[in-house]
Amino acid sequence: MSVKQALLALLEQGPMYGYQLRVEFETRTGSTWPLNVGQVYTTLNRLERDGLVAGEGVDDDGHVVYRITDEGRDEVAAWFTTPVARTQPPRDELAIKLALAVTVPGVDVGTVIQRQRTATMVALQDYTRLKRAGRAANPARPDDMAWSLVLDSLVFVAEAEIRWLDHCEARLRRAVRTAENTATFEAGQPREVNR
Amino acid sequence: MNATLHLDDVTRVHGSGPTEVHALRGVSFRAHAGELVAVMGPSGSGKSTLLTLAGGLDTPTAGRVVVDGVDLAALGGAGRARMRRTSIGYVFQDFNLIPALTAAENVALPRELDGQRSRAARKAALAVLEEVGIPELADRFPDEMSGGQQQRVAIARAVVGERRLILADEPTGALDTDTGEEILRLLRARCDAGATGVLVTHEARHAAWADRVVFLRDGVVVDESGADPVDALLEPGMSR
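A brief report on the enclosed structure follows.

### What to know about the interface of chain A and chain B
Then comes step 1: Across the boundary between the two partners, chain A contributes 33 residues, which contact 31 residues of chain B.
Then comes step 2: A combined buried area of about 2,700 Å² lies between chain A and chain B, and 53% of that area is made up of carbon and sulfur atoms.
Then comes step 3: Summed over the three residues of chain A that lose the most area to chain B, namely M121, Q125 and R132 of chain A, the buried surface amounts to 21% of that side.
Then comes step 4: We note a salt bridge from K131 of chain A to E181 of chain B, for which the minimum N-O separation is 2.9 Å.
Then comes step 5: The interface formed by chain A and chain B holds eight residue pairs in polar contact (both at pLDDT 80 or more) in total.
Then comes step 6: Contributing elements (two or more residues each) for the side of chain A that touches chain B: α2 (18-29), α6 (109-132) and α7 (142-194) of chain A.

Here's what the structure looks like:
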């Protein structure tokens, strides 16, 4: 995830210090992708080194406040106008697990699929509960809407995972049936010939 | 706790001999007041059979189906038809409204068939149409309404007369994503208000509105999800 661009985009709203940035980030995205404060400050240091933000000095409570520079604004504009790259799909543990389950002997793939489907459904029910209640249910403010859309994204991803699991199950069962039919056919063949 | 709907070791076999099909094999299932239960499974898994048995539209080969404490098999055809007018509401994928009747007349029909006078039935129908959010559509005919509006009318028809058990068979199947979600929201609200809901769907996103999700495979319950919420997913602001 691009913490760098996300923080820059937040600074478009006005100067902020590290902890504030973390809070603003999480108001929009939930605690789905938690940022630790250390990560925020490391990123700010790098952004300052690259001339994308500048220190504005220290506020009354001793926080170091940062503002975005013109170069920083260009970077944000470029981020928003460039699609997220899909060339390198993120490593998907479930796809890898299933790829191994169907090839390693002695693994009950059906059970692997059903356990995962139940677990993903539990997560999906949980996202839906958050959608029904709380600030995502009636998003009045822009950051409530942001959080609601992030929840929708989680919902669609979980749904896609369940659909894929259904698809895997159906294909594997069909493959087993085909294999059984072929075996019956081959076993029956000599008898037909001998009759 | 007493379940509104109770399936006890239910088996349903269609046909006999070599063409015999076991649609359900010894399924036990409960749904309580205030609860929405989703039933998922691939086609042929038995989920629609489960719903038709629960609705008294079909009878089991073995086992018991109990609604509101009444064994449906013991009732006979006339008794089951009466249960469908007074205790059980059915919602279909394609709405099944009567085209020649207005929304209010469609909703009033089960009350009138149950012997209520038409004025009282209309009054009850208007009250339920208000509850499902479409009081202004009372005098429209089905072909003057969108799919989502027709499904709302169908839900009103399913709950009119204080019926506590709502059985919904793919109620969002003919609707787009947003409208489908509104229908789920409405079913969910009816259950939160005390009704018992059973939702058959193949869409995980819609099943997720349920308190419990039951998975059927080849006529057998293979798993169930939704006992406890995952606490790792907190609303922002709640974690601090």
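### Examining the pairing of strand β4 (residues 62-67) of chain B
Residues and elements named next belong to chain B.
Then comes step 1: Here strand β1 (residues 3-14) runs beside β4; their pairing, made up of five bridges, is antiparallel. What sits directly across from L5, in β4, is V67.
Then comes step 2: In this structure, β4 lies alongside strand β5 (residues 70-71), joined through two bridges in antiparallel fashion. Note that in β5 the partner of V67 across the bridge is V70.

### Let's talk about the side chain of S45 of chain B
Residue and element names in this part refer to chain B.
Then comes step 1: One can find S45 in the loop between β3 (36-40) and α1 (47-54).
Then comes step 2: Of note is the side chain of S45, whose polar atom sits 2.7 Å from the backbone oxygen of P42.
Then comes step 3: Among residues more than four places away in sequence, those in contact with S45 are A23, L216, R217, D218 and G219.

### Considerations on the nonpolar core
Then comes step 1: Formed by 56 residues in total, the largest nonpolar core has its most connected members in M121 and L124 of chain A together with L129 and V153 of chain B.
Then comes step 2: Not counting chain neighbours up to four residues away, the residues in contact with L129 of chain B comprise A103, A104, V107, I134, P135, A138, V153 and A156 of chain B.
Then comes step 3: With 25 residues, the next largest nonpolar core counts V10, L24, V198 and V214 of chain B among its residues.

Criteria and thresholds
Residues numbered from 1 in each chain as written. Chains lettered and ligands numbered in written order. Predicted model: local features only at pLDDT ≥ 70, side-chain atom pairs only at ≥ 80, totals over all residues. Heavy atoms only, no water. Contact = heavy atoms within 4.5 Å. Buried area = accessible area lost by both parts, 1.4 Å probe. Salt bridge = Lys/Arg side-chain N within 4 Å of Asp/Glu carboxyl O. Polar contact = N/O pair within 3.5 Å; in protein donor to acceptor, adjacent residues only side chain to side chain. Helix = DSSP H or I, 4+ residues; strand = E, 2+ residues; numbered from the N terminus. Pairing = 2+ DSSP bridges. Core = buried A, V, L, I, M, F, W, Y, C linked by side-chain atoms within 4.5 Å. Buried < 20%, exposed > 50% of the residue type's maximum accessible area, 1.4 Å probe, protein only.

Such coordinate-based values are descriptive only and should not be taken to indicate function.
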